[in-house]
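Chain residues, written in single-letter form:
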Amino acid sequence: MAVLKVKFNQKKRVKLAQGLWLMNWFSVFAGILVFSMGLFLKIELRKRSEVMDNSESHFVPNCLILVGILSCAFNGFAGKICHDSLDPAKFVKWKPLLKPYLALCFIFNILIFFVALICFLMRGSLDSTLAQGLKNGMKFYRDTDTPGRCFMKKTIDMLQIEFKCCGNNGYKDWFEIQWISNRYLDFSSKEVKDRIKSNVDGRYLVDGVPFSCCNPSSPRPCIQYQVTNNSAHYSYDYQTEELNLWLRGCREALLHYYSSMMSSMGAIVLLVWLFEMAVTVGLRLLHTSLESIANPEDPECESEGWVLENSLKDTLRSALENLKKIGKFNQVEADAEGGGGEDGGKTQTVATVS
């Protein structure tokens, strides 16, 4: 029994072709939208590539760009087919291409669904990429005189100001690294010497943070040095008082920013997928309704269109049988080639002995 079997007359076929032509051009615009989203996300990720550990984060925007380009190409081609289907003389040239084209559309719809899923599932990979990238970026914060790293201080400062965050997981991350360059340390000072000697790695660690961690909305002047020393500041207790520093870590801030962006893009791609599925089903109905016309010389006659000629179960069984036949055929060919090689080897051995 055919799946989604529909009877068509000439008027219905024309309406279907015209509707599909319009839907295909809407899909072209949707493809442009998906392409633009991928380009925007790629630019946003490149802006902060210095605080990302690898290039895997660009997998999502690259997929969106690819889907956008393919959507424009596929739907532009389908629009031409729908337009020419109104004229039997023009439609003849497209008949041999329709089945392979519909198979490609099916694969393309799977690709769109896969891209929509990865937009929602890339949070874990992005989290680890940001965690390691920010950790490395903070280590290089002090290297303002090192070629290739001199921009890192500005990058981190601008990031913390823009996203209202501090450190990787929080402001205390700055306590664990030397973020002040040796160039600005007075090594004749006893305090500096004592701090360096007290650290096994010989680093100058302080309970302070860069200025970009300061919250300008706080009424109190920013306390960015001796943050954990209550006696160094008047009427101050860092454990009970709300600090005038950004408390949220930059990893969490960036992760929320990119995750919400990709989730929104994933929802849009899912809508595009549903629309593309509808277009593919419509194209299949148009294809089968034109193929099943009993008398091609009489375009007014009725015909039947369907999505699957047999039931879903029978179609899957037939597809599996075809795959098995292809596998057996390839195996027979491989055995034949192997047998030919062995026979050739035996002949050569006999000739050598004689």
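Conventions used here
- Residues numbered from 1 in each chain as written.
- Predicted model: local features only at pLDDT ≥ 70, side-chain atom pairs only at ≥ 80, totals over all residues.
- Heavy atoms only, no water.
- Salt bridge = Lys/Arg side-chain N within 4 Å of Asp/Glu carboxyl O.
- Helix = DSSP H or I, 4+ residues; strand = E, 2+ residues; numbered from the N terminus.
- Buried < 20%, exposed > 50% of the residue type's maximum accessible area, 1.4 Å probe, protein only.
- Disulfide = S-S within 2.5 Å.
- Phe/Tyr/Trp six-rings, centres within 6.5 Å; stacked < 30°, edge-to-face > 60°.
- UniProt positions renumbered as here; feature names shortened; annotations may be inferred.
- pLDDT = per-residue confidence, 0-100.
- Contact = heavy atoms within 4.5 Å.

This model, assessed by the stated rule, comprises 11 salt bridges. A salt bridge links Glu-44 to Lys-47; the shortest N-O distance between them is 2.9 Å. Of the two residues, Glu-44 and Lys-47 both sit in helix α1 (residues 10–47), three residues apart, roughly one turn of that helix. The class of Glu-44 is buried, set by a relative accessible area of 5%. In this structure, Asp-201 and Arg-203 form a salt bridge, with 3.6 Å as the shortest nitrogen-oxygen distance.

Another point: the state of the cysteines. Two cysteines whose sulfur atoms are joined by a covalent bond form what is called a disulfide. In the structure shown here, the tally under the stated rule is three disulfides. Shown here is the disulfide that connects Cys-165 with Cys-250, its sulfur atoms set 2.1 Å apart. On the S-S bond that ties Cys-165 to Cys-250, the torsion sits near 85 degrees, and the link is right-handed. Taken as a pair, Cys-165 in the loop between α6 (152–163) and α7 (190–197) and Cys-250 in helix α8 (residues 250–291) lie far apart in primary sequence, 85 residues in all. What makes Cys-250 buried here is its relative accessible area of 1%. Between Cys-214 and Cys-222 runs a disulfide, and the two sulfur atoms are separated by 1.9 Å. Taking the sign of the S-S torsion, -75 degrees for the link of Cys-214 and Cys-222, the bridge is left-handed. Judged by its relative accessible area of 16%, Cys-214 falls in the buried class. Cys-222 gets classed as partly exposed once you look at its relative accessible area, which sits at 33%.

Turning to the packing of aromatic side chains, a few remarks are in order. Summed over all chains, the structure comprises 11 aromatic pairs. Ring centres of Phe-113 and Trp-273 lie 4.9 Å apart, and the angle between their planes is 45 degrees; on these two criteria the pair is classed as tilted. Residue Phe-113 is found in helix α4 (residues 95–121), and its partner Trp-273 is found in helix α8; the two are separated by 160 residues along the sequence. Phe-113 gets classed as partly exposed once you look at its relative accessible area, which sits at 34%. Relative to Phe-175, the ring of Tyr-171 lies with its centre 5.8 Å away and its plane at 75 degrees, an arrangement referred to as edge-to-face. For the residue pair Tyr-171 and Phe-175, the accessibility class agrees, reading buried in each case.

This part takes up the UniProt feature "transmembrane region" (unreviewed entry) in the protein chain. Per the UniProt record, the feature "transmembrane region" (unreviewed entry) sits at residues 20–41, 62–81, 101–122 and 255–275. In residues 20–41, the share of helix is 100% and the share of strand is 0%. The end C-alpha atoms are 31 Å apart. Between the C-alpha atoms that bound residues 101–122 the distance is 31 Å, and the span itself is 95% helix and 0% strand.

Per-residue confidence for the protein chain gives a mean pLDDT of 83, with 82% of residues at or over 70. Of all secondary-structure elements in the protein chain, the lowest mean pLDDT belongs to helix α9 (residues 312–353), at 59, while α6 reaches the highest, 94. Scored below 50 in pLDDT, residues 346–354 makes zero contacts in the model with residues more than four places away or belonging to other chains.

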